[in-house]
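Understanding the architecture of this molecule
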Amino acid sequence: DNGPSRMILSCLPSLADHWLVPRLQGFDRLDDLELRVEEDPVDLSGATVRLTYGAHFYPDHRVETLFVDEIIAVAAPGQGMERLVHTDWGPSHAAAPSWARWFHAAGIAGVPSQGFRVGQTALALAAVRAGLGAALVPARLAETDLRAGLTSRLPGPALAMPLPYVVIWKPTTRRARLTAALLAH
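Computed from a predicted model, the values in this text were never measured in an experiment.

**Concerning the sheet that holds strand E4 (residues 62–67)**
Taking strand neighbours across the sheet as the criterion, the 5 strands line up as E2-E1-E3-E11-E4 in an open arrangement whose pairing is mixed. Looking along the sheet, the strands with just one partner apiece sit at the ends: strand E2 (33–37) and E4. On average, each strand axis in the sheet is inclined to that of its neighbour by 25°, with strand direction left out of account. Of the strand pairs in this sheet, strand E1 (residues 7–11) and E2 are connected by 5 bridges, and their pairing is parallel. Bridging across to E2, Ile8 finds its partner in Glu34.

**Quick look at the packing of aromatic side chains**
Throughout the structure, instances matching the rule amount to 7 aromatic pairs. Ring centres of Phe57 and Tyr58 lie 6.3 Å apart, and the angle between their planes is 70°; on these two criteria the pair is classed as edge-to-face. Of the residues examined, Phe57 reaches a relative accessible area of 29% and is grouped as partly exposed. When the ring of Trp99 is compared with that of Phe103, the centres are 5.9 Å apart and the planes differ by 75°; the resulting orientation is edge-to-face.

**Notes on the pairing of E1**
Burial analysis of E1 places 5 of its 5 residues in the buried class, the great majority of the element. Alternating positions in E1 separate into two faces, Met7, Leu9 and Cys11 on one and Ile8 and Ser10 on the other, with burial throughout. Strand direction decides the pairing type here: E1 and strand E3 (residues 49–53), joined by 3 bridges, are parallel. Considered in E3, the bridge of Leu9 is made with Val49.

**Considerations on the nonpolar core**
If you look at the biggest cluster of nonpolar residues, it comprises 32 residues, and the most contacted ones within it are Leu15, Leu51 and Trp99. Of all the secondary structure elements, the ones that give two or more residues to this core are E1, helix H1 (13–23), E3, strand E5 (70–75), helix H2 (99–106), strand E8 (134–138) and strand E11 (165–169). Of all the elements, H1 adds the most residues to this core, at 4 residues. Ranked by size, the runner-up nonpolar core spans 12 residues in total, among them Val74, Ala124, Leu125 and Ala139.

The rules we used
- Residues numbered from 1 in each chain as written.
- Predicted model: local features only at pLDDT ≥ 70, side-chain atom pairs only at ≥ 80, totals over all residues.
- Heavy atoms only, no water.
- Pairing = 2+ DSSP bridges.
- Helix = DSSP H or I, 4+ residues; strand = E, 2+ residues; numbered from the N terminus.
- Axes fitted to C-alpha atoms, helices over the stretch in contact; angles between N-to-C directions.
- Phe/Tyr/Trp six-rings, centres within 6.5 Å; stacked < 30°, edge-to-face > 60°.
- Buried < 20%, exposed > 50% of the residue type's maximum accessible area, 1.4 Å probe, protein only.
- Core = buried A, V, L, I, M, F, W, Y, C linked by side-chain atoms within 4.5 Å.

Now the structure itself:
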């Protein structure tokens, strides 16, 4: 049931899985939320709030920065960079950090172009946990796996992500108190 009291929260898959859901523990209005996991762009006519990376798809909406992140290299404990997992961030994120940029920033010549390819951060982290190779992932999205010892940060540079993670909502959103409570949590 998504009656009038329910707030519909739309979120990128990896952001929902690795950042939002772990932070919802203890949120006292959880029963008032419906979480929808979707890639950008999303028609916000059916959603109250959108959590995403960058606001470029939503120029006519209110925007608040959740956090700015950086890309780090991670691998399964005891593994290095023998194999690489490449993440295809999609055409709208062509400026996203890549292994080529990471190798250049680390001062390492030559970039292996071969390796396992995935289309989402969550899949890159799953590949790392499975021992399929090292991946470049947003540090905040890797926190839970790093703390649990499921992955290890590799030595080397952290690369700035060009856009922030943001919360977006329509200027006419009537759920202002619930939105504020969610942002404050």
